[in-house]
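# Close look at the chain arrangement
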Amino acid sequence: MRFAHSNELLSASIVRRVERATFLPHMKPLALLPALAVAAVCASETPATLKLNNAGYLEMPGLNVMLANDYYPDGHQGGLGLIQNGVRVATNGDLRLDRTPGQWDPVPVTGERKLDPATGEIRVHMSYPDPNKNRTGFNPIDYPDVKFTYTVSARPEGSSVVVTVDIDEPAPVNYSGEVSFNLELFPGILFGKTWDLDGKTGLFPRQVNGPGLVSEPAVRDTSMPQRVTMDPHHSRNRTYYGVQEMARGRRLSIAPESDAQRMIIEVVQGGELQLIDGRAPDSNGWFVVRSVVPRGATKRAIEWRITPHAIPGFTTAPVIQVSQVGYHPGEPKVAIVELDARDAARSPIEIVRIHPDGRREVALTPKSEAWGRFLRFDYLRADFSALTQPGLYEVRYGSHKSHAFRIAPDLYQRHVWQPTLETFLPVQMCHMRINDRFKVWHGVCHLDDARMAPVSLNHIDGFVQGPETLVPFKPGEFIPGLDQGGWHDAGDHDLRIESQAETVYGLVLAREEFGVEYDNTAVDQKTRVVELMRPDGKPDILQQIEHGLLSFVSGYKSMGRLYRGVQEVSLRQYTLLGDPAHATDNLRFDPEKAGPNPPPIGLPGSPDDRWVFTENNPDREIDTAAAIAAASRVMKGYNDGLAEDCLRIATELWDRTQGDKPAFRVGAAVELLLTTGEKRYADFLVTNTSVIAEKFEHIGWVVGRALPKVNNLVFSQAMGEAARKHRARIEELSKATPYGVPYKPDIWGAGWSVQGFGMRQYFLHRGFPEVLSAEPMFKALHFVLGCHPGSNTASFISGVGAHSTTVAYGFNRDEWSYIPGGSASGTAIIRPDFPELLEWPYLWQQTEYCLGGSTSDFLILALGAEKLLSEKR
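First, a word on scope: everything that follows refers to the structure included in this document. (Residues numbered from 1 in each chain as written. Predicted model: local features only at pLDDT ≥ 70, side-chain atom pairs only at ≥ 80, totals over all residues. Heavy atoms only, no water.)

This next bit is on the side chain of Lys 333. Residue position: Lys 333 is located in the loop between β21 (319-321) and β22 (334-340). Lacking a salt bridge, the buried Lys 333 has Glu 331 as its closest oppositely charged neighbour, with an N-O distance of 6.7 Å. One polar contact links the side chain of Lys 333 to the main-chain carbonyl oxygen of Pro 329, over a distance of 2.8 Å. Lys 333 has contacts with Tyr 327, His 328, Ala 382, Asp 383, Phe 384, Ser 385, Leu 387, Thr 388 and Ile 407, leaving out every residue within four places of it along the chain. (Helix = DSSP H or I, 4+ residues; strand = E, 2+ residues; numbered from the N terminus. Buried < 20%, exposed > 50% of the residue type's maximum accessible area, 1.4 Å probe, protein only. Lys, Arg positive; Asp, Glu negative; His and termini not counted. Salt bridge = Lys/Arg side-chain N within 4 Å of Asp/Glu carboxyl O. Polar contact = N/O pair within 3.5 Å; in protein donor to acceptor, adjacent residues only side chain to side chain. Contact = heavy atoms within 4.5 Å.)

Spelled out as structure tokens, the structure:
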């Protein structure tokens, strides 16, 4: 499923389940309705009402109302949420301290949830501030000193929900007028739709439009000095910019023209409604409906009645899930059908061959297996591995069909893993200009890297500098060697040691295991220019390994230790959308030239150079040692000087990171053994046989590659026994979900973790082929390529497959675009049971590209499939 930029297609795509499976009187005469729709007509004779279900939320056909089931308001998951006719349309219904809160603004602590089975009411006690985020935590912001407690309740009233806010004590006087009950509306399905607020009407605009308003913050906390790390644009002590509300009133109708999306919000008690575009201060905002808490109000300070239109007898349409790429004749093939739990009808699953002239014929009717309930859906499975004849096919279930896919012996030889290597990784390269035929992805960036971070600093995005620099450089001092190499991590532009090392390690494994010689990119480190779609006679994978190493190896040579990471100085730089060449002025900051009053960040000559952070973290250091030791092997003969540096640094890290966690050292021991052949590394592995066996699920895949080098019968036998025990664990995991892979509800999509699981299964199979099957690897690959929960069956790998994640959270997300070969996080679970993969560029937990293992894991999965299948021929 792909969002088009046409408003009509945009709405049609996201509500396709509604249109395909629900009785819509204006669409078809009764005589032509399927049995399911007839049942919906009958059901509509008795109006449905909201009732409390066993999962702890209110439901009726076509409507779910959650309250505090989720806990991530920073990512538009939390508070009061509404799922209307199969689409999550609203979220974060709660008291907030800004008219349109942003990603880093204060959020409350969720207290005890109480359910009343007799009335169906849900009550949740909440409080400000959250001590885990108040001026501390992952993104420390100077929050205002506001403290109060309150209760939010949601009770059913027929097909409406009445939401009430009771405040224990009046909101602080200096903040009344800012405290409000906010509900966020998902913009992606509202563009071009209409609204009516007390007779005033309008459209939901695609882009944010003025007129703007500027106001002073409601609270100016003078006790907290302005952090030197924070840009005034993003400080709590800043002038607020927004846009004027679209309208005010007491009764709001949202999308009245749409049966699938119409919703009425009425004020019962409290301040009038304000409809605001929340994208003015923050690009990733949503539309906001808001009521300000009246001064001094406590009991029923705010009360709304919300009535989303639920289509009578609504049932979600069946979703057929198969790989968007297709299948090799020799690999396992399973079609999965996701069904509404109220849909009792069952149709056969058919595999249909598509002939060149468009004619279709049933090629196979595999036996369907009723897997049962997972999350909120029922699932059918049909194994069609017996079908091996090359050709074009689709899966048909009743009147529904999948996209067309192919079965072909050359399936993985083009258009699958190649975009990751030839486009995504080059585009993520830091300190380089990336040319792509007529296009420039980004210019040369961060040539002013990097200055030592201030001590005792809790910076943004988890970067923390302790009380010492740990290196022979003072805070603010320039550190040479960091203006080269590295890949931007995810949708921002920092360099993290773990993601840099994981990517290098994965690429090394791919090079050694599969002998990748693919060349479609020209990389010139001297001119700092990369040319996509232009071979230069050098394997792309070696050029990428070299580029990753240049960053942290050069940093090590300058500082005598690894960096923790390199991060932007201000939030304004950190949130930059578009070309990272504009994040800094590319000029090293000169404090003498700048004087006591340097230009503000954003102007030439300012102290906008990124900061480098250090840490005492033996676990991360030894993980990096494994990557560097492995890289020294593949760099030999390609960049011999870098290969020597790698081996020297890996050995130093091994020698100085002794500790009481031998399991963490296994990877480095294996790679140093494979690189040097030194007996001391084999002795370490043998000495820790029992530890490795106990942690086999996590580190067995690494050890299997070193068994011949260890050359110890007792050790090999112990690993074989551990592999047999692990097989039982894999079989257990395969039964837990209809997809045969580990998959549990989480804030972040499971795409990356499933890819990591599949990568490990490949190497476990190679190391212990008589014990462990390669089938879990194929299940993981198919999961990532489209066989996963939810109605959006897109491949998580952008640009790969018939339908893929082509609106993604990369550095170009504001263009509603994607980077070919990028690996998105994937389907997330809106707690407790709703799988969601929205086509929206600002949800990092669903569509963000991250570097690290996710990138190289996919390469290994696809290359591994190609290798195993070629060996079977």
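Next comes the rest of the account.
Paired through their backbone hydrogen bonds, the strands of a sheet run either parallel or antiparallel. One open sheet holds the 4 strands; their spatial order is β32-β39-β38-β35, and the pairing between them is mixed. If you trace the sheet from one side to the other, it starts and ends with β32 (451-452) and β35 (495-496), each paired once. With 2 bridges joining them, β32 and strand β39 (residues 611-613) adopt parallel strand pairing. Within β39, the residue paired with Arg 451 across the bridge is Trp 611. (Pairing = 2+ DSSP bridges.)

Now for the pattern of salt bridges. Here the structure, examined in full by the defined rule, presents 51 salt bridges. For Asp 166, the salt bridge identified is with Lys 299, shortest N-O distance 3.9 Å. Linking Asp 166 in strand β9 (residues 160-167) with Lys 299 in the loop between β19 (287-292) and β20 (302-308), this pair joins segments that are 133 residues apart in sequence. Accessibility expressed as a relative area gives 62% for Lys 299, which makes it exposed. Taking the shortest distance from any N to any O, the salt bridge between Asp 277 and Arg 279 comes out at 2.8 Å. Taking relative accessible area as the criterion, Asp 277 reaches 4% and is therefore assigned buried.

This brings us to the packing of helix α5 (residues 497-514) against helix α9 (residues 618-635). In contact at an axis separation of 9 Å, α5 and α9 are set at 35° when each is read in the N-to-C sense. Crossing of α5 against α9: the hand is left-handed. Counting all contacts with α5, which are made through Ile 497, Glu 498, Ala 501, Val 504, Tyr 505, Val 508, Arg 511 and Glu 512, the residues of α9 involved are Arg 620, Thr 624, Ala 626, Ala 627, Ala 630, Ala 631, Arg 633 and Val 634. In terms of residue class, the contact of α5 with α9 is built from 10 nonpolar, 1 polar and 5 charged. (Axes fitted to C-alpha atoms, helices over the stretch in contact; angles between N-to-C directions. Left-handed = near helix turned anticlockwise from the far one by under 90°. Nonpolar A, V, L, I, M, F, W, Y, C, P; charged D, E, K, R; others polar.)

Moving on, we come to the packing of aromatic side chains. Overall, the coordinates contain 37 aromatic pairs when judged by the stated rule. On the basis of an interplanar angle of 85° and a centroid distance of 6.4 Å, the ring pair of Trp 371 and Phe 374 is categorised as edge-to-face. Centroid distance Trp 701 to Phe 763: 5.7 Å. Interplanar angle 40°. Geometry classified as tilted. Taken together, the positions of Trp 701 in helix α14 (residues 696-703) and Phe 763 in helix α17 (residues 751-767) put the pair 62 residues apart, joining distant regions of the chain. Of the two residues examined, Trp 701 and Phe 763, each falls in the buried class. Through successive ring pairs, a cluster of aromatic residues spans Phe 186, Phe 191, Phe 204, Trp 286, Phe 287, Trp 816, Trp 840 and Tyr 842. Against the face of Phe 463 rests Arg 564, its NZ or CZ located 5.2 Å from the ring centre. (Phe/Tyr/Trp six-rings, centres within 6.5 Å; stacked < 30°, edge-to-face > 60°. Lys NZ or Arg CZ within 6 Å of the ring centre and 35° of its normal.)

Where helix α10 (residues 640-656) contacts helix α11 (residues 662-676), the two axes come as close as 11 Å, and the packing angle between them is 140°. Considering their axes alone, α10 and α11 lie oblique with respect to each other. Handedness of the α10/α11 crossing: left-handed. Contacts between α10 and α11 involve Leu 647, Ala 650, Thr 651 and Trp 654 from the former and Arg 665, Ala 668, Ala 669, Leu 672, Thr 675 and Thr 676 from the latter. (Parallel < 35°, antiparallel > 145°, perpendicular 65-115°, else oblique.)

This part covers the layout of surface pockets. Within this model, the second largest pocket holds a volume of roughly 1000 Å³. Every residue lining the second largest pocket is counted, 38 residues in all, and those nearest its centre are Glu 502, Tyr 505, Asp 623, Trp 701 and Met 759. Among the elements that make up the lining of the second largest pocket, the one with the highest residue count is α5 (7 residues). (1 Å grid on protein atoms, 1.4 Å probe; cavity = no way out; pocket = protein on both sides within 12 Å on 5 of 7 lines; lining within 4 Å. Points joined across faces, edges and corners; volume = space filled by probe spheres on them.)

Along helix α4 (residues 418-427), 10 of the 10 residues are buried, which leaves the element largely enclosed by surrounding structure. For α4, the set of buried residues is Gln 418, Pro 419, Thr 420, Leu 421, Glu 422, Thr 423, Phe 424, Leu 425, Pro 426 and Val 427.

Right, let's get into the nonpolar core. With 139 residues, the main nonpolar core has Ile 545, Leu 549 and Leu 685 as its most contacted residues. Residues in contact with Leu 549, not counting those within four places in the same chain, are Val 504, Ser 554, Ala 631, Met 635, Leu 642 and Cys 646. By size, the runner-up hydrophobic cluster in this structure holds 65 residues, among which are Leu 67, Leu 95, Leu 275 and Ala 310. (Core = buried A, V, L, I, M, F, W, Y, C linked by side-chain atoms within 4.5 Å.)

Looking now at the environment of Phe 191. Structurally, the position occupied by Phe 191 is in the loop between β10 (180-185) and β11 (194-197). In this structure, the C-alpha to C-alpha distance between Phe 191 and Trp 104, residues 87 residues apart in sequence, is 25 Å.

Before going further, it helps to examine unusual backbone geometry. Cis peptide bonds are those with omega within 30 degrees of zero, and the linkage from Tyr 128 to Pro 129 qualifies with -5°. As for its placement among the helices and strands, Pro 129 is situated in the loop between β7 (122-128) and β8 (148-157). Omega for the bond connecting Gly 210 with Pro 211 falls within 30 degrees of zero, at 5°, which places this linkage in the cis form. Mapped onto the fold, Pro 211 is located in the loop between β12 (200-203) and β13 (212-215). Positive phi, close to 60°, is recorded for His 76, a residue that is not glycine. Position of His 76 relative to the elements: it lies in the loop between β3 (63-67) and β4 (80-84). Residue classification places His 76 among the buried positions, given a relative accessible area of 7%. The backbone phi angle of Asn 85 is positive, close to 50°, even though this residue is not glycine. Looking at the element boundaries, Asn 85 is found in the loop between β4 and β5 (87-96). By relative accessible area, which is 1% here, Asn 85 ends up buried.

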